[in-house]
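Structure at a glance
Given next are the chains, with one letter for each unit.
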Amino acid sequence: MDIQHAPQPPVAVTAELETPLSRWLWLVKWILVIPHWIVLFFLWIAFLVVTVIAFFAILFTERFPRGLFDFNLGVLRWSWRVSYYSYGALGTDRYPPFSLGPEPDYPARLDIAYPERLSRSLVLVKWWLLAIPQYLVIAFFTGGMRAGWWSGGLITLLTLIAGFAVAFTDRYPRDLFALIVGLNRWVLRVAAYASLMTDAYPPFRLDQGGTEPAGTERVTDGR
């Protein structure tokens, strides 16, 4: 009898809650991350330009050029680390690095499997038509269709609740942490799909917790 494991998800979001957290540092993190926001403003402009270039590359070659893919992945990783440090999670007091790399030692990590081939037909519709239902969902999470993690919405509200819990109890509620990371995971999956980095449609599923859900085991009789 064989045990088969489901493949790893194309978009993997992991986070570790680092404790203890400062009771009051979260009140000034909006100031501390200003340098990151300035850099990310220009990086996201480049991200959009790269995505447009990738659109035509996929349309004619069925491939997302690897160098461009790695750049966009780096921008998403950088954004996720800044969000995790600030008002997308408040899950760490460790200042995020100014880096496009994977930074495996940082408590917030993102990985997107590089696709060898992407659909020419899907590239025409997935970033707008097919993604519309997902956009409606994450607009509620982030406070608007074009909002970032720091721009309001359910994620910011829950994160602020977590901040007050840390301030008054010196504890970050574990269930609240799991929910916040799950919401961010949903947003990042949609971001990867809408930016043409994967053809795997984001599931309408809230996978909570700091780690990706374990692969489902399928038992066969070997015949």
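This text goes with the structure placed above it.
Let us look at the structure shown here. (Residues numbered from 1 in each chain as written. Predicted model: local features only at pLDDT ≥ 70, side-chain atom pairs only at ≥ 80, totals over all residues. Heavy atoms only, no water.)

A look at the environment of Ala15
Threshold: Secondary structure is summarised from DSSP: a helix means a run of H or I of at least four residues, a strand means a run of E of at least two, and numbering begins at the N terminus for each. Here's how the labels work: a residue is buried when its accessible area is under 20% of the maximum for its type, exposed when over 50%, partly exposed in between, all with a 1.4 Å probe on protein chains only. Here, residues are in contact when the closest pair of their heavy atoms is within 4.5 Å.
Mapped onto the secondary structure, Ala15 falls in strand S2 (residues 11-15). Under the relative-accessibility criterion, Ala15 is labelled buried at 6%. Here Ala15 is in contact with Trp80, Tyr84, Pro107, Ala108, Phe177, Val181 and Gly210, once residues within four sequence places are set aside.

Some points on the nonpolar core
Our working rule: What is meant by a nonpolar core is a set of buried Ala, Val, Leu, Ile, Met, Phe, Trp, Tyr and Cys residues, joined one to another through side-chain atoms within 4.5 Å.
Within the largest apolar cluster, 57 residues are counted, with the highest numbers of intra-cluster contacts made by Phe64, Trp80, Tyr84, Leu110, Ile112 and Tyr172. Going through the elements one at a time, S2, helix H2 (34-61), helix H3 (66-85), strand S3 (108-112), helix H5 (132-142), helix H6 (154-169) and helix H7 (174-194) are the ones with two or more residues in this core. When residues of this core are assigned to their parent elements, the largest contribution, 12 residues, is made by H7. Residues in contact with Tyr172, not counting those within four places in the same chain, are Leu17, Leu21, Ala89, Leu90, Gly91, Ala162, Val166, Phe177 and Ile180.

What about unusual backbone geometry?
Of the consecutive residues Thr19 and Pro20, the connecting peptide bond is found in the cis state with omega at 0°. Note that Pro20 resides in the loop between S2 and helix H1 (29-32). The phi dihedral of Glu103 falls on the positive side, at around 45°, and the residue is not glycine.

Focus on empty space enclosed by the protein
Heads up, the condition is: A pocket, in this scheme, is an open set of points on a 1 Å grid over the protein atoms alone with protein on both sides within 12 Å along at least 5 of 7 lines, while a cavity is a set where a 1.4 Å probe fits but cannot get out; residues line either one if an atom lies within 4 Å of a point. Grid points are joined across faces, edges and corners, and a volume is the space filled by probe spheres set on the points. For this classification, the nonpolar set comprises Ala, Val, Leu, Ile, Met, Phe, Trp, Tyr, Cys and Pro, the charged set comprises Asp, Glu, Lys and Arg, and every other residue, Gly included, is treated as polar.
A full pass over the atoms with the stated rule returns 1 cavity of 30 Å³ or more. Estimated volume of the largest cavity: approximately 40 Å³. Every residue lining the largest cavity is listed: Leu21, Ser22, Trp26, Lys29, Leu90, Asp93, Gly163 and Val166. When grouped by side-chain class, the residues that make up the lining of the largest cavity number 4 nonpolar, 2 polar and 2 charged.

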